[in-house]
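For reference, the chains in residue letters:
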Amino acid sequence: MKSLFTKIGMLASLALLFCGMTVPASAQDGRIELGHLEHLTAKASETINVSLDEKLMQLAAKFLAGKDPDEMKVKELINGLKGIYVRSFEFEREGEYSAADLDSIRTQLREPVWSNIVNLTSKKEGNLQVYLMSDTSRLGGLAILVSDPKELTIVNIIGPVDLEKLSQLEGKFGIPELDIAKPTNKPRN
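What you are looking at is a predicted structure, and each value in this text was computed from that prediction instead of being measured. (Residues numbered from 1 in each chain as written. Predicted model: local features only at pLDDT ≥ 70, side-chain atom pairs only at ≥ 80, totals over all residues. Heavy atoms only, no water.)

*Asks:* I'm lost on the overall build of the protein chain in this one. Help?
*Replies:* Summing up its helical and strand segments, the protein chain has five helices and six strands in all. Among the 189 residues that make up the protein chain, the fraction classed as buried is 41%. In the protein chain, of all internal contacts separated by at least 6 residues, the share reaching a separation of at least 24 is 66%. In the form shown here, the protein chain has an accessible surface area of approximately 11,000 Å², with 54% of it arising from carbon and sulfur atoms. (Helix = DSSP H or I, 4+ residues; strand = E, 2+ residues; numbered from the N terminus. Buried < 20%, exposed > 50% of the residue type's maximum accessible area, 1.4 Å probe, protein only. Contact = heavy atoms within 4.5 Å. Areas by Shrake-Rupley, 256 points an atom, 1.4 Å probe, with all protein chains shown as cover.)

Put into structure tokens, the structure is as follows:
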């Protein structure tokens, strides 16, 4: 799945750069309801459940006032976010989750509030979908769905999302290595 994240990072970075958007969230909350997936916990061999609302992120930011550059990056990244929610299920066998489980998420990610910007399907690595929450001029969140026969992961970030800043935190503070591509400025020949 690592190469899927590499591809999505590049595509999402391009989309954000193209749109020029890293601004406050729209009036709609943008939180995806994930509670209906809890039945998968008993079937999964490994689960991840992250629920950070705005209050918890602000509390954590108070402890990140030091001079450590990594801590300052985290504080800058979470400033303005309304929430980070992750549900990930890894299974021993295929078929432990259903199409209905995925459809219940996708129905929440409909236009006009959410826009599906990436659909990546791979027989080897599974499927990846990326959605941006925006109105006519503002980006207010990001949702990522990753599914393969033995894994289901949903990431929901509410608030202004800056992928370049997010990529600087990979592998630190429990943030997984997602291989989010960093934009580069190549010299012209």
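*Asks:* In this structure, what is going on with the confidence of the model for the protein chain? I would like to understand it.
*Replies:* Per-residue pLDDT for the protein chain has a mean of 75; in total, 67% of the residues score no lower than 70. Across the protein chain, helix H4 (residues 99–106) holds the top mean pLDDT of 94, while helix H1 (residues 2–19) sits lowest at 43. Note that pLDDT drops below 50 for residues 4–27; the model gives that stretch 51 contacts with residues more than four away or on any other chain. (pLDDT = per-residue confidence, 0-100.)

*Asks:* Please clarify how the side chain of Asp-148 should be interpreted in this entry.
*Replies:* Mapped onto the fold, Asp-148 is located in strand E5 (residues 139–148). Despite its burial, Asp-148 pairs with no opposite charge; the closest candidate is Lys-150, at 8.2 Å N-O. Within polar-contact distance, the side chain of Asp-148 engages the backbone nitrogen of Lys-150 at 2.8 Å. (Lys, Arg positive; Asp, Glu negative; His and termini not counted. Salt bridge = Lys/Arg side-chain N within 4 Å of Asp/Glu carboxyl O. Polar contact = N/O pair within 3.5 Å; in protein donor to acceptor, adjacent residues only side chain to side chain.)

*Asks:* Sorry, what's going on with a nonpolar patch on the surface here?
*Replies:* On the surface, a nonpolar cluster with roughly 390 Å² of combined accessible area is contributed by Leu-52, Leu-56, Leu-59 and Phe-63. With respect to the element layout, Leu-59 can be found in helix H2 (residues 54–62). (Patch = residues over 30% accessible without salt bridge, like charges linked within 9 Å, V, L, I, M, F, W, Y side chains within 5 Å.)

*Asks:* Would you take a moment to explain the environment of Leu-34 for this structure?
*Replies:* Within the secondary structure, Leu-34 sits in the loop between H1 and strand E1 (46–53). Of the residues examined, Leu-34 reaches a relative accessible area of 5% and is grouped as buried. Leu-34 sits 51 residues away from Tyr-85 along the chain, and the two C-alpha atoms are 8.8 Å apart. Setting aside anything within four residues of it in sequence, one finds Leu-34 in contact with Tyr-85, Arg-87, Ile-105 and Ile-154.

*Asks:* Whenever I open this one, the pattern of salt bridges confuses me. Can you help?
*Replies:* Side chains that differ in charge, positive against negative, can pair when their charged atoms come close. For the coordinates displayed, the defined rule picks out four salt bridges. With a closest N to O distance of 3.2 Å, Lys-82 and Glu-54 form a salt bridge. Taken together, the residues span a long stretch of sequence, with Lys-82 in the loop between helix H3 (69–78) and strand E2 (83–90) and Glu-54 in helix H2 at a distance of 28 residues. Its relative accessible area of 33% is what places Glu-54 among the partly exposed residues. Across the pair Asp-103 and Arg-106 runs a salt bridge, and its minimum N-O distance is 3.3 Å.

*Asks:* When you look at H3 in this model, what are you seeing that I'm missing?
*Replies:* In an α-helix, one turn spans 3.6 residues, which is why side chains three or four residues apart end up on the same side. Listing the buried residues of H3 in full gives Val-74, Leu-77 and Ile-78. Buried positions in H3, seen along its axis, are confined to an arc of 85° and lie on one side of it. (Arc of directions from axis to C-beta.)

*Asks:* I keep staring at the pairing of strand E3 (residues 114–122) and nothing clicks. Help me out?
*Replies:* Taken together, the eight bridges between E3 and strand E4 (residues 126–134) define a ladder with antiparallel strand orientation. Pairing of Asn-119 across the sheet is with Gln-129, part of E4. Connecting the antiparallel pair E3 and E4 is a turn made up of three residues. (Pairing = 2+ DSSP bridges.)

*Asks:* Help me understand the packing of aromatic side chains, please; the structure alone is not making it clear to me.
*Replies:* Each aromatic ring pair is described using two quantities: the centre-to-centre distance and the angle formed by the ring planes. Applying the stated criterion to the full structure yields two aromatic pairs. On the numbers, 6.4 Å between centres and 15° between planes, the contact of Phe-89 with Phe-91 is stacked. Classification of Phe-89 as buried rests on a relative accessible area of 2%. Exposure remark for Phe-91: the relative accessible area of 3% places this residue in the buried category. The structure contains a cluster of three or more aromatic residues connected by ring pairs, namely Phe-89, Phe-91 and Tyr-97. For the cation-ring pair, Arg-31 lies above Tyr-85, with the distance from its terminal atom to the ring centre recorded as 3.8 Å. (Phe/Tyr/Trp six-rings, centres within 6.5 Å; stacked < 30°, edge-to-face > 60°. Lys NZ or Arg CZ within 6 Å of the ring centre and 35° of its normal.)

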